[in-house]
Amino acid sequence: MIDPVLLRDRLEDVWARLLTRGAALDVSYETLVDLDRRRRQFIRQVEEQKHQQRLASDEIAALKRQGLDASHLFDANRGRSRHIKALEGELDLIEQARARQLLRIPNLPHASVPLGRTVEDNREVRRHGDPPALDFPPKAHWDLGPALGILDFERAARMSGTRFSVLMGDGARLERALINFMLDLHAREHGYTEVEPPFLVKGATLEGTGQLPKFEADLFRIADWDLFLVPTAEVPLTNLHRDEILDGRTLPLRYTAYTPCFRSEAGSHGADVRGLIRQHQFDKVELVKITAPDQSYDELESLTRDAERVLELLGLPYRTVLLCTGDLGFASSKTYDIEVWLPSQRLYREISSCSNTEAFQARRANIRFRRDGTGKAEFVHTLNGSGLAVGRTLVAVLENFQQRDGSVVIPDVLRPFMGGREIIEPPR
RNA sequence: GGAGGGAUGGCCGAGUGGCCGAUGGCGGCGGUCUUGAAAACCGCUGUACGGGGAACCGUACCGGGGGUUCGAAUCCCUCUCCCUCCGCCA
């Protein structure tokens, strides 16, 4: 949520910056101005009436203490109570409308974010590693995997429908190896605390990170419960400190977690229908940081580097892209996407998205801190990034390390997690 | 799923209808004393919203919501969470 005070005092500036995102805002400028005006008007009325009511009550109490009759004052105050109740009813409607609007306004892009409308306007900031020089036509993972007997889409579809998959044998083990490799790297070398959070969370939790109320259609909801399957570990990790006031001396907090992620992929019909790229369920290792405002952009750089390091150690070629205003996610002020090379598609494909949401999520989830443990409580900044999307990493490993005979060389750093194995070969 | 107990300020803990935003203690801040520190003593010590240039004033907040009442931390209903016991269960 954007700072409501900023929204009121500098609405024109804020609005102009929001429009650089390109997407149509489902909130109108005039409505916001009107709601704010009426809200203040009603607050003034209610408070004035309550003040009068309190004066009358004090008078009654004073008379009673003297043993005098005060019943002649009852009627006036009873009428006042009814009036207050009516005013409060109206004020409540206004407050609700205002809250609905505020929750649907996206975050403000940071000044360093390039202006633009589409992916074409994103800015490549670095590139690492060269695409492998294969002397044969590379196969797509959806051919490689099933041929190796480690990936099965047909059986998954029979059980669960489209956009699900089964990993078997070395495939399942490779997925687990990737998860353990990433978690160990971030927890032991990059200073993140490993967390295993709930995979189901309440609606209010998703509101804290910005998935609700606007993007309910992207989520899986548990029937008859106010519970949703997590679309990313960003949600439980960021909400870990919901409604807390943290000691500033403990910041930044760094968390990493492996979770399965569940997304309905509503509105993506026809996109990436084959393979592991876009599934209803996928594994991800997530990175989340909670920082003081003045350090959050430095922490975004290092978080992005932490995610890139996974690809470097695996030996996978990638590039890092700074998203333009038009490509920015709802909650983000600034985002780097990391894209891994996929030989079969001859292009770089998103494998991580690292964002600074500044105080946008902190305000929604009410996460604050006190500098030096004292003074006034301020909102923290929250950051998140994939470190990495495991399914897509598996795809990149299969495709980049495939050989002419359809076997796949296991990257060095994964071998300890694969019982020393060096290669995955097709069954004879 | 059933029965019972609980939720009060940064923390602990009083308060069962009216000078209660809430006694007291701890912690924190300032001061006296001291070469310095501790102890002791004194004072201060929440947040949000509204009004105002400001000093300041007002309103709300005792887990959430609703109700009773002229008036609710206090009475009633309801929800959430925590604890104890029973049942079930990996």
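Please read these numbers as outputs of a predicted model, since none were measured by experiment.

Observations regarding the pattern of salt bridges
Logical step 1: Summed over the entire model, instances satisfying the criterion amount to 33 salt bridges.
Logical step 2: Asp-13 is the salt-bridge partner of Arg-10, the closest N and O atoms lying 2.8 Å from each other.
Logical step 3: Assessed through its relative accessible area of 41%, Asp-13 is described here as partly exposed.
Logical step 4: The closest approach of N and O atoms between Arg-274 and Asp-143, which form a salt bridge, is 4.0 Å. Within this pair, whereas Arg-274 is found in the loop between strand 8 (253-262) and strand 9 (281-291), its partner Asp-143 is found in helix 5 (residues 141-148), the two being separated by 131 residues in sequence.

A look at helix 7 (residues 170-189)
For an α-helix the count is 3.6 residues per turn, leaving residues at separations of three or four pointing the same way.
Logical step 1: Between its first and last C-alpha atoms helix 7 spans 27 Å; for 20 residues at 1.5 Å apiece the expected length is 28 Å, and the two agree.
Logical step 2: The set of residues buried in helix 7 consists of Asp-170, Gly-171, Leu-174, Glu-175, Ala-177, Leu-178, Ile-179, Phe-181, Met-182, Leu-183, Leu-185 and His-186.

So, the nonpolar core
Logical step 1: Core analysis: the biggest nonpolar cluster contains 50 residues, and Leu-174, Met-182, Leu-311 and Leu-316 have the highest contact counts within it.
Logical step 2: It is helix 7 that contributes the most residues to this core, eight residues altogether.
Logical step 3: Residues in contact with Met-182, not counting those within four places in the same chain, are Val-285, Val-310, Gly-387, Leu-388, Val-390 and Thr-393.
Logical step 4: By size, the runner-up hydrophobic cluster in this structure holds 16 residues, among which are Leu-251, Ala-257, Ala-362 and Phe-369.

Description of the pairing of strand 10 (residues 318-322)
Logical step 1: By the criterion of burial, strand 10 is predominantly enclosed, with four of the five residues buried.
Logical step 2: The sheet contact formed by strand 1 (residues 123-128) and strand 10 spans five bridges and is antiparallel. In the strand pairing of strand 10, His-128 is matched with Tyr-318.
Logical step 3: Note: strand 10 against strand 11 (residues 334-342), five bridges, orientation antiparallel. What sits directly across from Leu-322, in strand 11, is Tyr-336.

Concerning the domain arrangement of chain A
Logical step 1: With domains assigned, chain A is organised as domain 1 (27-103) and domain 2 (119-424).
Logical step 2: Computed over C-alpha atoms only, the centres of domain 1 and domain 2 are separated by 49 Å.

Re the protein's contact with RNA strand B
Logical step 1: In the region of RNA strand B, 21 residues are neighbours, and Arg-8, His-51, Asn-77, Arg-78 and Ser-81 sit closest.
Logical step 2: In RNA strand B, atoms within 4 Å of the protein come 71% from sugar and phosphate.
Logical step 3: Note that a sugar or linking oxygen of RNA strand B is positioned 2.5 Å from one of the side-chain N or O atoms of Asn-77.
Logical step 4: Going through the elements one at a time, helix 3 (29-65) and helix 4 (74-103) are the ones with two or more residues in the surface near RNA strand B.
Logical step 5: Ranked by the residues each element gives to the surface near RNA strand B, the list is headed by helix 3, at 14 residues.
Logical step 6: Class assignment for the residues of the surface near RNA strand B results in four nonpolar, five polar and twelve charged.

The rules we used
Residues numbered from 1 in each chain as written. Chains lettered and ligands numbered in written order. Predicted model: local features only at pLDDT ≥ 70, side-chain atom pairs only at ≥ 80, totals over all residues. Heavy atoms only, no water. Salt bridge = Lys/Arg side-chain N within 4 Å of Asp/Glu carboxyl O. Buried < 20%, exposed > 50% of the residue type's maximum accessible area, 1.4 Å probe, protein only. Helix = DSSP H or I, 4+ residues; strand = E, 2+ residues; numbered from the N terminus. Expected span 1.5 Å × (residues − 1). Core = buried A, V, L, I, M, F, W, Y, C linked by side-chain atoms within 4.5 Å. Contact = heavy atoms within 4.5 Å. Pairing = 2+ DSSP bridges. Domains from an automatic or database assignment. Near = heavy atom within 4 Å. Polar contact = N/O pair within 3.5 Å; in protein donor to acceptor, adjacent residues only side chain to side chain. Nonpolar A, V, L, I, M, F, W, Y, C, P; charged D, E, K, R; others polar.

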